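One letter stands for each residue in the lines below.
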Amino acid sequence: MCGIFGYIGKSKDAPKKVFNGLIDIEYRGYDSWGIAYPEKDSFKIVKKVGFLPKSFDFPSANLALGHTRWATHGGVNEANAHPHSDCSEKLVLIHNGIVENYLELKRKLKKHKFKSETDSEVIVHLIEDEYKGKLSLKEAVANVFKRLEGLNAVVVSDGLEIVACKTGSPLVVGKNSDGFIIASDPNAILPQTNNLLFIEDGQMVSLSSSLEYYEIADLKKLEPKFIEVAWEHSSATLAQYPHFMLKEIFEQPQVLYNQIQDLESIKKIAGQINKAYGTYFIGCGTAGFACLLGVYLFSKVARKHVNFSIGSEFNYTEDFLTDKSLLIAISQSGETIDVVEPVNAAKRKGVQIVTISNTLGSSLYRLADTKMLLQAGPEKAVASTKAFMAMVANIILLGFALADKLAQGVSIIEKSAKEIEKVLAKSEEISKLALIIKDSEHMYILGRGLSYPLALESALKIKETSYIHAEGFASGELKHGALALIEKGTPVIVYVPDDETKGAVMANAMEVKARGAFVIGVGFADGVEENPVFDFFFKVADCGASSILPHVVFAQLLGYYLAVQKGLNPDKPRNLAKSVVVR
Ligand code: M6R
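What you are looking at is a predicted structure, and each value in this text was computed from that prediction instead of being measured.

Draft legend 1. Fine view of the nonpolar core. If you look at the biggest cluster of nonpolar residues, it comprises 88 residues, and the most contacted ones within it are Phe554 and Leu558. Here this core spans two domains, and each of domain 2 (255–424) and domain 3 (426–571) adds at least three residues to it. Setting aside chain neighbours within four positions, we find Leu558 in contact with Ile430, Leu433, Ala434, Ile437, Ile462 and Ile493.

Draft legend 2. Focus on the sheet that holds strand E18 (residues 326–331). The strand order E17-E16-E18-E19-E20 describes an open sheet built from five strands, whose pairing is parallel. Each edge of the open sheet is held by one strand with a lone partner, namely strand E17 (307–310) and strand E20 (370–373). Within the sheet, the average angular offset between the axes of one strand and its neighbour, ignoring direction, is 20 degrees. Judged from the six bridges that link them, E18 and strand E19 (residues 352–357) form a sheet pairing that is parallel. In the sheet register, Leu327 faces E19, and the bridge partner there is Ile353. Where helix H8 (residues 264–275) meets the sheet, it contacts strand E16 (279–283), E18, E19 and E20, and its direction lies at approximately 140 degrees from that of E20. Contacting E16, E17 and E18, helix H9 (residues 285–302) crosses the sheet at an angle of about 150 degrees to E16.

Draft legend 3. Layout of the site of the ligand. Around the ligand, a shell composed of 14 residues is seen, among which Ser331, Gln332, Ser333, Thr336 and Glu464 lie nearest. Here an oxygen atom of the ligand and a backbone polar atom of Thr286 are 3.1 Å apart. Ser331 has a polar side-chain atom sitting 2.6 Å from an oxygen atom of the ligand. If the ligand stood free it would expose 410 Å²; the protein chains cover 90% of that surface. Residue assignment for the shell around the ligand shows that the elements contributing at least two residues are H9 and helix H16 (451–466). In terms of residue class, the shell around the ligand is built from five nonpolar, seven polar and two charged. Mapping the shell around the ligand onto the domain boundaries places at least three of its residues in each of domain 2 (255–424) and domain 3 (426–571).

Draft legend 4. Examining the sheet that holds strand E11 (residues 195–198) more closely. Across the sheet, eight strands lie side by side as E3-E2-E4-E1-E10-E9-E11-E15; this open sheet has antiparallel pairing. Of all strands in the sheet, those with a lone pairing partner are strand E3 (42–49) and strand E15 (227–228), marking the two edges. Pairing of strand E9 (residues 172–176) with E11 involves three bridges; the strand directions are antiparallel. When the bridges of E11 are listed, Val172 appears paired with Phe198. In this fold helix H1 (residues 14–25) packs onto strand E1 (3–9), strand E2 (32–39) and strand E4 (63–69), with an angle of close to 155 degrees to the strand it touches most, E1.

Draft legend 5. Region of the structure containing H1. Taking 1.5 Å of rise per residue, the twelve residues of H1 would be expected to cover 16 Å, and the 17 Å separating its terminal C-alpha atoms lies within 8% of that figure. The element H1 is largely enclosed, with a buried count of nine among its twelve residues. Residues Ala14, Pro15, Lys17, Val18, Phe19, Gly21, Leu22, Asp24 and Ile25 constitute the buried set of H1. Buried residues belonging to H1 abut E1, E2, E4 and helix H5 (186–189).

Rules used in this analysis
- Per chain, the residues get numbers from 1 upward, laid out in the order the sequence is written.
- Two thresholds apply to this predicted model, a pLDDT of at least 70 for residue-level local features and 80 or more for giving and counting side-chain atom pairs, whereas whole-chain, interface and lining totals are computed over all residues.
- Calculated side-chain values reflect all of the structure's heavy atoms, with hydrogen atoms and water omitted.
- Only buried residues count toward a nonpolar core, which is a set of Ala, Val, Leu, Ile, Met, Phe, Trp, Tyr and Cys residues joined through side-chain atoms within 4.5 Å.
- Only protein chains enter the accessibility calculation, which uses a 1.4 Å probe. A residue is then buried if its area is under 20% of the maximum for its type, exposed if over 50%, and partly exposed in between.
- How far each domain reaches was decided by an automatic or database domain assignment.
- In what follows, residue pairs with any heavy atoms lying within 4.5 Å of each other are defined as contacts.
- Pairs of strands are assigned from DSSP output, requiring at least two bridges between the strands.
- Here a helix means four or more residues in a row that DSSP labels H or I, a strand means two or more in a row labelled E, and each is numbered from the N terminus.
- Axis definition: a line fit to C-alpha positions, over the contact stretch in the case of helices; interaxial angles, taken between N-to-C directions, run 0 to 180 degrees.
- When at least one non-hydrogen atom of a residue lies within 4 Å of a molecule or strand, that residue is treated as near it.
- Residues adjacent in sequence count toward polar contacts only when both atoms are side-chain atoms; beyond that, a polar contact is any pair of N or O atoms within 3.5 Å, and within protein one must be able to donate a hydrogen and the other to accept it.
- Using a 1.4 Å probe, accessible areas were evaluated by the Shrake-Rupley method; residue-level cover was limited to the displayed protein chains.
- Residue classes follow a fixed rule: Ala, Val, Leu, Ile, Met, Phe, Trp, Tyr, Cys and Pro count as nonpolar, while Asp, Glu, Lys and Arg count as charged, and any other residue, Gly among them, counts as polar.
- Multiplying 1.5 Å by the helix residue count minus one yields the expected span of that helix.

This is the structure:
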């Protein structure tokens with residue numbers, strides 16, 4: 001999703017620094033990019049559709065703003081890419097978020113010349129009017145920002161100063177001896193400095209040779225609180241791997257070992273769940289499926305009921321929340337707006353917030369009363385793999401902690417890590433399967449119980465990487481409609497763990513086989529692999545309640561190989577972004 005990176009300081013290499021900063025945030029997904037830097041009395045703006053080039057002819061300047069755009073308002077073209085400028089090209093702006101009332105605001109700007117269809121450009125023209133009216137840049141930006149509806153991060157410059165403010169969308173400032181950096185992702189600042197200031201909602205920063213920090217509402221001066229973070233720069237390299245997705249899949253055994261090193265947070269959160277009067281899990285996409293798994297797992301392992309809602313739906317059911325409720329937000333990025341918004345709303349009601357995230361310092365991390373870091377390491381591929389592994393491992397540990405059997409939880413996680421190593425060693429088999437089914441238009445994935453969220457996650461992995469229409473089902477639902485979709489040769493993946501779902505799921509496998517499906521079995525249950533119902537069987541040893549962990553690796557690898565064999569880049573699926581910071 002859109003990325004912001006700016007620099008002001010003593011260095012004359014500002015455009016180069018900004019270009020490198022954009023490279024560091026490009027994993028978040030974008031369709032066009034642009035960089036602006038002062039040249040004589042105005043700004044020179046370079047904008048391009050597509051990805052950043054390998055190199056760039058860097059001019060000399062001590063200030064630059066750069067942006068990676070993920071189109072929302074207006075198509076993917078150079079005009080709509082950021083930075084945007086005012087009529088005189090003396091002000092430039094980069095923006096993340098959506099100005100919900102931009103049409104109404106644009107109507108009042110009849111005398112201005114618009115070069116794009118974006119909501120963002122409206123902001124710079126509004127600032128132009130205020131600025132021409134002899135206000136300082138920060139006064140002009142504050143006046144305009146207060147008129148914007150929606151969640152926005154705005155960064156503006158007049159060539160001498162950078163002014164930035166936000167609500168909702170993340171913005172971080174880095175400071176070193178050489179100058180100031182502003183970015184939407186702290187990871188992009190870390191190669192330059194670990195000294196960071198997280199701008200809070202409703203606050204504004206002005207950067208020149210010094211830094212000033214304000215409340216937007218009344219421009220009251222605030223004391224900036226920089227923190228020295230101890231993280232490593234997360235621009236993970238590919239090492240020997242052709243893609244980040246494959247690298248991240250192969251890192252998963254280690255990710256599991258990381259989860260069992262320190263169990264203090266698990267014990268603390270289990271205690272909070274026990275005390276709470278209603279626990280709610282929220283997350284989106286893959287993280288949402290990890291949450292749904294929590295509902296099944298807590299009920300199976302700990303006889304504990306918890307609620308789950310997709311982040312974007314939570315506001316419609318939040319009426320049940322009280323100050324005795326517990327909200328557990330799960331998010332790799334910690335920035336997913338569909339989770340951040342309901343967490344903010346719940347916090348206002350006095351709900352206790354737990355965040356389980358992979359990103360230190362992220363919005364959800366900072367909003368939480370109890371914070372747990374996933375320790376999965378940077379995840380750069382858009383398709384989430386190792387973060388899901390870490391989320392599920394922690395949910396399993398929480399379930400066993402609630403049942404007062406944490407040691408048993410640790411032991412099945414260890415067993416799963418070993419089993420995943422075996423799955424990875426057999427990845428060639430999955431690659432061959434991908435070759436057989438890569439031209440399919442549709443694919444279905446069936447599971448019951450714990451394997452139902454697994455089926456949903458498997459379908460998501462396959463569809464986002466290979467663009468094959470893949471749907472996950474609770475296999476009991478087949479006869480209620482989905483069976484009509486099965487034709488001769490339709491690939492159907494059936495998860496067969498050695499648990500109470502085995503008999504029923506095998507019956508469902510027979511049903512799809514009888515309608516001509518190409519049936520792919522995954523799991524282990526005495527003799528099941530020899531059953532002629534399967535056209536292909538991928539054997540995975542039973543790991544009890546954590547069998548989902550090695551099973552999902554099968555689907556991740558299948559998604560990966562399907563993409564590669566179809567000539568697609570699995571790291572950057574079309575239309576998707578790593579971090580979804582707009583509604
Ligand atoms: O950063 P988050 O975990 O909050 O992201 C949630 C989803 O956007 C994310 O899981 C998405 O569905 C992935 N592309 C799935 O692979």
